[in-house]
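# Structural characterization, general
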Amino acid sequence: MEISKENTQTQELPFSKSLNDKIRPLLERRKPISLGSVGFQSPLLLAPMSMICKSPFRRLMEDLGAGGTVSELISCHGINYKNEKTLDMLKIHPKEKSVGIQLFGEDAQKMALAAQVACDQEVMPKFIDINMGCPVRKVVSKGGGSALLKDPTKLADFFKAIKNAIPVPLTIKIRTGWDQDNRNADEVLHIAKEEGIEFVAVHGRTRTQQYKGHADWEYLETLANNNILPLIGNGDLNTAQQVQTRLQQTNCQALMLGRGPLRNPFLFLESELQTTEDLPYFTARDYLEVILVLADYIRESQQEIAPRHLLVQMRKHIIWMAAGFKGAGLFRDLLFKTPEIDETLKLTQDFFFSQADSGQSIDFSESFMTSGHG
Ligand SMILES: Cc1cc2nc3c(=O)[nH]c(=O)nc-3n(C[C@H](O)[C@H](O)[C@H](O)COP(=O)(O)O)c2cc1C
């Protein structure tokens, strides 16, 4: 596939010249793809994550090489009740290029109405995605999230109602099935294809598995081989080596990365390196810059943001990105005792400056974020 220079060369980057100079050649190596009618800058996409994939973080991840992003899951009921906080979640920054809005709910008509509202924003999403993977009891007990996989006979009407209501493509994100004995992703894909769903992302675990064990890539590859719909494989791709190896072997058209980029925000870019001998490619100073840009993006996204609010949003990202640097544990304890955003950012600067030229080295045998909404 030909590499398009157009988007990457003109892409404005918010970092210092030296970091921009490191990033730009890697951005230019990306190979744009299309999944159905939806174009992305590369086959490596940011997975939807609740309370995380808000506009500022999505924007940052696009700056750092994500080929496209998906919002956190958003309740169709919250939208229909015109809940202010929920409506706020629908906003897309004009600089975001390829973003889908993910909705959850169990009722076709209510989902259709909410999807219309999501498309009626100042910046329209590139696609609407249905959450069919959330394992959380509160969502599943009402029939939403992964519970939608339980009765595929209802899916055709469900998809039809939503698709007919919106002017952009409809996509789905599922798990492999409800449990090991009921892995029905292939059946769901056939129905989705009949109803004109554009592409599907599959997290390679069942609902019962939650986040335990490993994503079943053998199953995902078999599913991709069946060639029913453009398929995005997802689960446990945490390092540039893992991403590169999977990209070389996979039958999936694209891959989605979730938890990996939370700790290593450069994961998309490092996956473009020709040799992983260059790793770690980005230094502690580069991480600090990324953190400061994220703070700017969050400030920009909310007028007159309360310092406490900024602190709550930033602290988790700082702690995740500090993982694998020397003294991360003590730094984390210190941040939890620091109630001010300015002091937090000052301590963060001291922490990353103190790393000299060292890079990040994460112990992937330790579990990380073992609950989520998909
Ligand atoms: C904190 C957290 C929140 C998540 N929220 C969502 C969500 O809102 N919608 C969704 O479809 N999946 C959600 N997921 C699932 C991820 O999109 C992804 O499928 C899963 O984490 C496996 O990919 P990974 O191993 O690359 O993280 C969430 C996962 C985590 C860890």
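A brief look at the structure comes next. All figures in this text were calculated on a predicted structure; none of them were measured in a lab.

Now for the overall build of the protein chain. Broken down by element type, the protein chain carries 17 helices and 10 strands. Compactness check: the protein chain gives a C-alpha radius of gyration of 20 Å against a globular reference of 21 Å for 374 residues, within 12% of the reference. In terms of its C-alpha atoms, the protein chain occupies a principal-axis envelope of roughly 60 × 45 × 40 Å. Looking at the protein chain as a whole, 57% of its 374 residues are labelled buried. Taking the contacts inside the protein chain whose residues are at least 6 apart along the sequence as the reference set, 70% of them involve residues at least 24 apart. Side-chain charges in the protein chain split into 43 positive and 46 negative, and the spacing between the mean points of these groups amounts to 4 Å.

All right, on to helix H3 (residues 55-63) then. Every α-helical turn comprises 3.6 residues, leaving residues that sit three or four positions apart pointing alike. Counting buried positions along H3 yields 9 of 9 residues, so the element is predominantly enclosed. Just beyond H3, the residue with positive phi is Gly65, at close to 100°.

As a matter of local geometry, the ligand sits amid 21 residues, with Pro48, Gln102, Asn234, Asp236 and Arg259 nearest to it. Within the backbone of His373, one N or O atom sits 3.3 Å away from a nitrogen atom of the ligand. Note that a nitrogen atom of the ligand is positioned 3.4 Å from one of the backbone N or O atoms of Gly374. Along the lines of polarity and charge, the residues of the shell around the ligand split into 7 nonpolar, 11 polar and 3 charged.

This next bit is on the nonpolar core. Leu60, Ile128, Ile130, Met132, Phe159, Ile172 and Ile174 are the most contacted members of the largest nonpolar core, which totals 105 residues. Counting residues per element, this core draws most heavily on helix H14 (residues 284-301), at 10 residues. The residues touching Leu60, leaving out its near neighbours within four places in the chain, are Phe15, Val290, Val293, Leu294 and Tyr297. With 13 residues, the next largest nonpolar core counts Val38, Leu45, Phe127 and Ala254 among its residues.

With omega at -10°, the peptide bond leading from Leu279 into Pro280 counts as cis. Inspection of the secondary structure puts Pro280 in the loop between helix H13 (267-270) and H14. In this structure, Lys82 is a non-glycine residue whose phi angle is positive, near 60°. Turning to its location among the elements, Lys82 is positioned in the loop between helix H4 (76-80) and helix H5 (84-88). For Lys82, a relative accessible area of 64% gives the class exposed.

Turning next to the packing of aromatic side chains. Within the structure shown, the criterion is met by 13 aromatic pairs. Ring geometry for Phe266 against Phe282: centres 3.9 Å apart, planes inclined by 5°, an arrangement best described as stacked. Here Phe282 lies in the loop between H13 and H14 and Phe266 lies in the loop between helix H12 (260-263) and H13, a separation of 16 residues in the sequence. Judged by its relative accessible area of 0%, Phe266 falls in the buried class. Both rings, one in Phe331 and one in Phe351, keep their centres 4.2 Å apart while their planes meet at 5°; by these two values the pair is stacked. In this pair, Phe331 sits in helix H16 (residues 328-336) while Phe351 sits in helix H17 (residues 341-353), placing the two residues 20 residues apart along the sequence. This pair shows no difference in class: Phe331 is buried, exactly as Phe351 is. Aromatic ring contacts, followed pair by pair, group Phe266, Tyr281, Phe282, Tyr287, Phe325, Phe331, Phe351 and Phe352 into a single cluster. A cation over a ring is seen here: Arg263 above Phe368, with NZ or CZ 4.0 Å from the ring centre. Across from the ring centre of Phe353, 4.1 Å away, lies the NZ or CZ of Arg285, which sits over that ring.

This brings us to the sheet that holds strand S3 (residues 44-46). The strand order across the open sheet built from 8 strands is S3-S10-S9-S8-S7-S6-S5-S4, with neighbouring strands paired in parallel fashion. One side of each edge strand has no neighbouring strand; the edge strands of this open sheet are S3 and strand S4 (69-75). The mean inter-strand angle of the sheet, taken between neighbouring strand axes irrespective of direction, is 30°. As paired strands, strand S9 (residues 231-234) and strand S10 (residues 254-257) are joined by 3 bridges and run parallel to one another. Residue pairing across strands places Ile232 opposite Ala254, the latter belonging to S10. In the packing of H3 onto the sheet, the strands contacted are S3, S4 and strand S5 (99-104), and the crossing angle to S4 comes to about 165°. In this fold helix H10 (residues 217-225) packs onto strand S7 (170-177), strand S8 (200-206), S9 and S10, with an angle of close to 175° to the strand it touches most, S9.

Calculation notes
Residues numbered from 1 in each chain as written. Predicted model: local features only at pLDDT ≥ 70, side-chain atom pairs only at ≥ 80, totals over all residues. Heavy atoms only, no water. Helix = DSSP H or I, 4+ residues; strand = E, 2+ residues; numbered from the N terminus. Rg over C-alpha atoms; globule rule 2.2 N^0.38 Å. Buried < 20%, exposed > 50% of the residue type's maximum accessible area, 1.4 Å probe, protein only. Contact = heavy atoms within 4.5 Å. Lys, Arg positive; Asp, Glu negative; His and termini not counted. Charge placed at Lys NZ, Arg CZ, Asp CG, Glu CD. Near = heavy atom within 4 Å. Polar contact = N/O pair within 3.5 Å; in protein donor to acceptor, adjacent residues only side chain to side chain. Nonpolar A, V, L, I, M, F, W, Y, C, P; charged D, E, K, R; others polar. Core = buried A, V, L, I, M, F, W, Y, C linked by side-chain atoms within 4.5 Å. Phe/Tyr/Trp six-rings, centres within 6.5 Å; stacked < 30°, edge-to-face > 60°. Lys NZ or Arg CZ within 6 Å of the ring centre and 35° of its normal. Pairing = 2+ DSSP bridges. Axes fitted to C-alpha atoms, helices over the stretch in contact; angles between N-to-C directions.

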